[in-house]
Every structure is written in C-alpha cells, then in structure tokens.
Amino acid sequence: MSGDRREALEIVFALGCESTDEFEIGSTKFSHLVKVKGISAANALRIIISAMRQSGMAMEFKENGQGKTISADSYLKRVEKRGKLSDIVAGGLLFRFGQVTALKHSFIRVEEIEAGSAISWENWLNPFLAEDGFTQAWVSDVEYDYWQNAKDPLDYDVAGRSYKHLPMKSNGLPPPVERLEIDTSKNPGRWLLKSGYREAIGSIMWLSDVFWSHVGRKNREDLLSADWLDVQIVDNGIAKIVSYEHCFCDETTGDVQNKLRAIIYS
C-alpha cells in the first residue's frame, strides 16, 4: 500500500470460446459464439464473498455503488439466476467482472475507493490462484494507470490537464471520424489487450504456466534467472515477481518498468 494513493488488483483468466462456422456480412467475417468456458460471474462472486467473510467485512453490497444495500447471499442468488455480475461496492472496494470473448480472456478487478481499503492484496488474490485458467495478476496505482493509458484529449480537457507536451497520432479511422489521439505506445505503464492475456506490468505480479504459453517459455527462464528481481514460485507453479518496493506511480521508475516489460514480453 502506498499512503494516500489508491491501488487496484487485476486478475486475468483464460476463456475458452466455442463457435459455429464463420459467416460473412459484406466483406467482414464473424463467428457466432455458442458457448464460453471459464470462471463464471457466480463463481467469481462466491470467491469474493468468501474473502470478505474471512476479512471480517460486512456481508452486503451496493450494486454500481448506488441505491440500497443488498445482502451478499441475496445478491449471489440474483447473479446465479441472471448469469451477470454488475460492478459492486463493499468495504471501500469496487469489484468488477468482465469477459473479453473476442480475445479469449476474462478478468476480475478489485479497486480501492478509499486508499488502503484492500489491506492485503494477497488476501484477495490467493483464493483465485487455484482456479482453472488463472493466467496473471498484478497491482497498479489507479491514477497512474489511468493517465498512462488515456488516449482521448477530452479526458485531459475535463480534468484540466495539459497534453500539449504529449505525442499525438491518428486514431486510424477513416474520415470523417478520424481524430488525433494521444500516443501512449511508449508509456512505461501502458497496457495492451492480447489474445488470452493482457500485456501489462506491475511492481508485484503473478504469472502462471497459462501465461507463459502465450508469451514464450524462454521468457520464463530469463525471468527466473534475473538477479535484480525477487521471484518466488508459489501455488501451482505460479511465479510471484517483485520488481520494486512500492507500486509504480510515476515515470521516475520508468527504467524499471521498461526493463520488466522487456524481460516478460520480448
């Protein structure tokens, strides 16, 4: 935890998608998804509720952070019935579950609404490590992560932040929707959606065999042999990597961030 700065834990899981034959609309090909295999919204919520109970938290939520509170058990029944999990708030934390079916992964995000609310990120992560399809997890600074990946100049205008010093590029869309956007491709804290995983870094990370199957086994060997990293093998062969004593929160640690990205994703 880093004083008054809010942090977030991102957890990624493999998602198996079965589809029918491809079909075409115009010149574009599509696949009709008929079944998705992976951690479900209900199972994700069960694990969250169990972790809440062990932490001594009040067993109730606010859906989307608004309205009346609802008991954890009642909300679980609702999620089991509809198969979807909205953003929920409890104990100063926001919980979010989502599926990126086109890129075959799902995610759970636990974000502090109040700095320090998580107390221990490992208490929230550990129950998920044994889940089939666990791929990766990392901790990020909420504000730093947002601005490292913000591409729309309007975001800067609304926040009263200048972007005149930042590189710009075309959004790649044809006229009349082409616009200039902020080029984040060199930012140390950038993240990118990939098939089966997310290219992201954090000062503390957890990477599984599923992850290494995507980025390369040699990268795992290089990581394990890097003497500047604290690497431990925990449950199910998952590598826990600590590269810096605090959460990355600005570009003063840019060299460490770039070095870490290079060894994992090169």
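Residues numbered from 1 in each chain as written. Predicted model: local features only at pLDDT ≥ 70, side-chain atom pairs only at ≥ 80, totals over all residues. Heavy atoms only, no water.

Engineer: Would you mind showing me how to read the packing of aromatic side chains here?
Structural biologist: Given two aromatic rings, one states the distance between the centres and the angle between the planes to describe the pair. Under the defined criterion, the tally for this structure stands at 12 aromatic pairs. Plain terms: the ring middles of Tyr 146 and Trp 147 are 4.9 Å apart, the flat faces sit at 90° to each other, and that makes the pair edge-to-face. Take Tyr 146: its relative accessible area is 40%, and that puts it in the partly exposed class. By relative accessible area, Trp 147 is classed as buried at 14%. By way of ring pairs, the aromatic residues Tyr 146, Trp 147, Tyr 156 and Tyr 163 are connected into one cluster. Looking at Arg 198, its charged tip hangs above the ring of Trp 191, at a distance of 4.8 Å from the centre. Here the basic side chain of Lys 259 rests over the ring of Trp 228, its NZ or CZ set 4.5 Å away from the ring centre. (Phe/Tyr/Trp six-rings, centres within 6.5 Å; stacked < 30°, edge-to-face > 60°. Buried < 20%, exposed > 50% of the residue type's maximum accessible area, 1.4 Å probe, protein only. Lys NZ or Arg CZ within 6 Å of the ring centre and 35° of its normal.)

Engineer: Looking at this structure, how should I read the nonpolar core?
Structural biologist: The nonpolar side chains of a soluble globular protein tend to be buried, and buried together. Leu 9, Phe 61 and Trp 124 are the most contacted members of the largest nonpolar core, which has 41 residues in total. For this core, the leading source of residues is helix H1 (residues 41–54), giving nine residues. Residues Val 12, Met 205, Val 215 and Tyr 265 belong to the second largest nonpolar core, which totals 21 residues. (Core = buried A, V, L, I, M, F, W, Y, C linked by side-chain atoms within 4.5 Å. Helix = DSSP H or I, 4+ residues; strand = E, 2+ residues; numbered from the N terminus.)

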